[in-house]
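# Descriptive structure summary
Take a look at the letters that make up each chain.
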Amino acid sequence: MTDRYAVIGNPIGHTKSPLIHGLFAEVTQQDLVYTAIEGRIGQFAADVDAFRAAGGRGMNVTAPFKLEAFAYATERSPRAQMAGAVNALKFEDGRVIAENFDGVGLTRDVVHNLGCPLKGTRVLVLGAGGAARGALLPFLEQQPATLVIANRTLEKAEALAKEAAAHGPVSACGYADLEGRRFDIVFNATSASLRGELPPVPASVFEPGALAYELAYGKGLTPFLRLARQTGVDRLADGVGMLVEQAAEAFAWWRGVRPETGPVIERLTVPLT
Ligand code: ATR
């Protein structure tokens, strides 16, 4: 019987997940269908219950349901616990197992696809919301020399740094404190780009040869990437690789086979111009 998977979110119209998982299923010859479900606000549990009752084996979860998915789960991985949010569910009999592959997907994209090891580097993460939170553990597992979280609301960055402190050399600061400090990799994990805004990061944070990584996907040259380019940074990336890599992690978790990601990333890449 064909196995059923889906992504649930609201709105869900622009999701690339059915395309990505469809391509993965094709190349790995897995017998599955993957659809998009527009979840009803306030009815997340009922919608997931209905999908499971109809034979659903797993789901990806996107905004605004990542916290509800966390609550719905019966078991949560350490990554999901640290992120406080869930982006993938697996249904096995009565169990609902929860994962968060956003951070591992991002790390894999940076280390494997972009050839930029985090080990021993100075890493700056802009933002202290859900996206930053999900990335922290996977980043620290790579043993960077330092990991600084900068946020507009300093207390949020401090709380996050405190939570992750047992896992590596992480600290928090405000944007003004970044004056005079330089980093090898700078991640924009704020939601500023979604509104065409620029976080107030000093242009001097980029070490020559640095990588500037925008977690948002498909927005072209965002104000953050433009700032990096203006300061001479030529290694720019957006979140397309992260999107495809987190999907591959979920696919492997569900199906036991990891698809090749390169051709799918290539197909979805929007030029950074
Ligand atoms: P997400 O799940 O996408 O991370 P979120 O949890 O709402 O979304 O967090 C948004 C992050 O982007 C926060 O760190 C927010 O900063 P504050 O905590 O100070 O609000 C940051 N952010 C949003 N717009 C920003 C802007 N224009 N400049 C700087 N930071 C911004």
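Everything numeric in this text was worked out from a predicted model, so none of it was measured.

Glancing now at the overall build of the protein. Along the protein, the regular secondary structure elements total 10 helices and 12 strands. The principal-axis extents of the C-alpha atoms in the protein amount to approximately 60 × 35 × 30 Å. A buried classification covers 51% of the 273 residues belonging to the protein. Expressed as a percentage of contacts within the protein between residues at least 6 apart in sequence, the contacts between residues at least 24 apart total 67%. On the protein, roughly 12,100 Å² of surface is accessible, and the fraction owed to carbon and sulfur atoms is 51%.

What follows deals with the domain arrangement of the protein. In terms of domains, the protein is made up of domain 1 (3-100 + 241-268) and domain 2 (103-238). On a C-alpha basis, the centroid separation for the pair domain 1 and domain 2 is 25 Å. Carbon and sulfur atoms make up 64% of the area that domain 1 and domain 2 hide from each other, which totals about 1,400 Å². Three residues, Arg 79, Met 82 and Met 242, lead the burial of domain 1 against domain 2; their summed loss comes to 47% of the area buried on that side. Between domain 1 and domain 2 we count one salt bridge in total.

This paragraph deals with the layout of surface pockets. Taken as a whole, the second largest pocket encloses approximately 160 Å³ of empty space. Around the second largest pocket sit 14 residues that line it, and Leu 114, Val 240, Gly 241, Ile 265 and Thr 269 are the ones nearest its centre. Considering only residue class, the lining of the second largest pocket consists of eight nonpolar, four polar and two charged. The two domains that each donate at least three residues to the lining of the second largest pocket are domain 1 (3-100 + 241-268) and domain 2 (103-238).

Turning our attention to unusual backbone geometry. Cis geometry marks the peptide bond from Asn 10 to Pro 11, where omega comes out at 5°. Summarising the element assignment, Pro 11 is placed in the loop between strand E1 (3-9) and helix H1 (17-28). Cis geometry marks the peptide bond from Ala 63 to Pro 64; its omega dihedral reads 5°. Within the secondary structure, Pro 64 sits in the loop between strand E3 (56-61) and helix H3 (66-72). Notably, Gln 29 is not glycine yet its phi reads approximately 55°, a positive angle. Mapping Gln 29 onto the fold places it in the loop between H1 and strand E2 (32-38). On the basis of relative accessible area, Gln 29 is assigned to the exposed category, the value being 71%. Look at Gln 143: it is not a glycine, yet its phi comes out positive at around 60°.

Another point: the sheet that holds strand E9 (residues 170-173). Reading across from one edge, E9-E8-E7-E10-E11-E12 is the order of the six strands in this open sheet, with parallel pairing throughout. For this open sheet the edge positions go to E9 and strand E12 (235-237), each flanked by a neighbour on one side alone. Taking each pair of neighbouring strands and ignoring which way they run, the sheet shows an average axis angle of 20°. Along the sheet face, helix H7 (residues 154-164) touches strand E8 (146-150) and E9 and points at about 170° away from the line of E9.

Let us now look at the sheet that holds strand E4 (residues 75-76). The sheet built from six strands is open, its strands ordered E2-E1-E3-E5-E6-E4 with mixed pairing. Of all the strands in the sheet, just E2 and E4 have a single pairing partner and so form its edges. This element, helix H9 (residues 240-255), spans E1, E2, E3, strand E5 (88-92) and strand E6 (95-99) of the sheet and lies at about 10° to E5.

This part covers the environment of Ala 159. Tracing the sequence through the fold places Ala 159 in helix H7. Taking the relative accessible area as the measure of exposure, Ala 159 reaches 40% and is therefore partly exposed.

Close to the ligand lie 16 residues, the nearest being Asn 151, Arg 152, Thr 153, Lys 156 and Glu 197. At 2.8 Å from an oxygen atom of the ligand is found a side-chain nitrogen or oxygen belonging to Asn 151. When the ligand sits alone it has 640 Å² of accessible area, and the protein chains cover 74% of it. The class makeup of the residues in the shell around the ligand is five nonpolar, seven polar and four charged.

A separate point is the nonpolar core. Leu 106, Val 110, Phe 139, Leu 147, Ile 149, Phe 187 and Tyr 213 are the most contacted members of the largest nonpolar core, which has 29 residues in total. When residues of this core are traced back to their parent elements, those giving at least two are helix H5 (102-113), strand E7 (122-126), helix H6 (130-141), E8, H7, strand E10 (183-188) and strand E11 (206-214).

Let's shift gears to the packing of aromatic side chains. Scanning the entire structure with this criterion turns up nine aromatic pairs. Between Phe 44 and Tyr 72, the ring centres sit 6.0 Å apart and the planes meet at 85°, which makes this aromatic pair edge-to-face. On the criterion of sequence distance, the pair formed by Phe 44 in helix H2 (residues 44-53) and Tyr 72 in helix H3 is long-range, its members being 28 residues apart. Across the pair, Tyr 72 and Phe 44 agree in class, each one buried. A centroid spacing of 5.5 Å and a plane angle of 70° characterise the contact between Phe 101 and Trp 253, whose relative ring orientation is edge-to-face. Within this pair, whereas Phe 101 is found in the loop between E6 and H5, its partner Trp 253 is found in helix H9, the two being separated by 152 residues in sequence. Members of the aromatic cluster, joined through ring pairs, are Tyr 5, Tyr 34 and Trp 254. Against the face of Phe 70 rests Arg 76, its NZ or CZ located 4.8 Å from the ring centre.

Basis of the calculations
- Residues numbered from 1 in each chain as written.
- Predicted model: local features only at pLDDT ≥ 70, side-chain atom pairs only at ≥ 80, totals over all residues.
- Heavy atoms only, no water.
- Helix = DSSP H or I, 4+ residues; strand = E, 2+ residues; numbered from the N terminus.
- Buried < 20%, exposed > 50% of the residue type's maximum accessible area, 1.4 Å probe, protein only.
- Contact = heavy atoms within 4.5 Å.
- Areas by Shrake-Rupley, 256 points an atom, 1.4 Å probe, with all protein chains shown as cover.
- Domains from an automatic or database assignment.
- Buried area = accessible area lost by both parts, 1.4 Å probe.
- Salt bridge = Lys/Arg side-chain N within 4 Å of Asp/Glu carboxyl O.
- 1 Å grid on protein atoms, 1.4 Å probe; cavity = no way out; pocket = protein on both sides within 12 Å on 5 of 7 lines; lining within 4 Å.
- Points joined across faces, edges and corners; volume = space filled by probe spheres on them.
- Nonpolar A, V, L, I, M, F, W, Y, C, P; charged D, E, K, R; others polar.
- Pairing = 2+ DSSP bridges.
- Axes fitted to C-alpha atoms, helices over the stretch in contact; angles between N-to-C directions.
- Near = heavy atom within 4 Å.
- Polar contact = N/O pair within 3.5 Å; in protein donor to acceptor, adjacent residues only side chain to side chain.
- Core = buried A, V, L, I, M, F, W, Y, C linked by side-chain atoms within 4.5 Å.
- Phe/Tyr/Trp six-rings, centres within 6.5 Å; stacked < 30°, edge-to-face > 60°.
- Lys NZ or Arg CZ within 6 Å of the ring centre and 35° of its normal.

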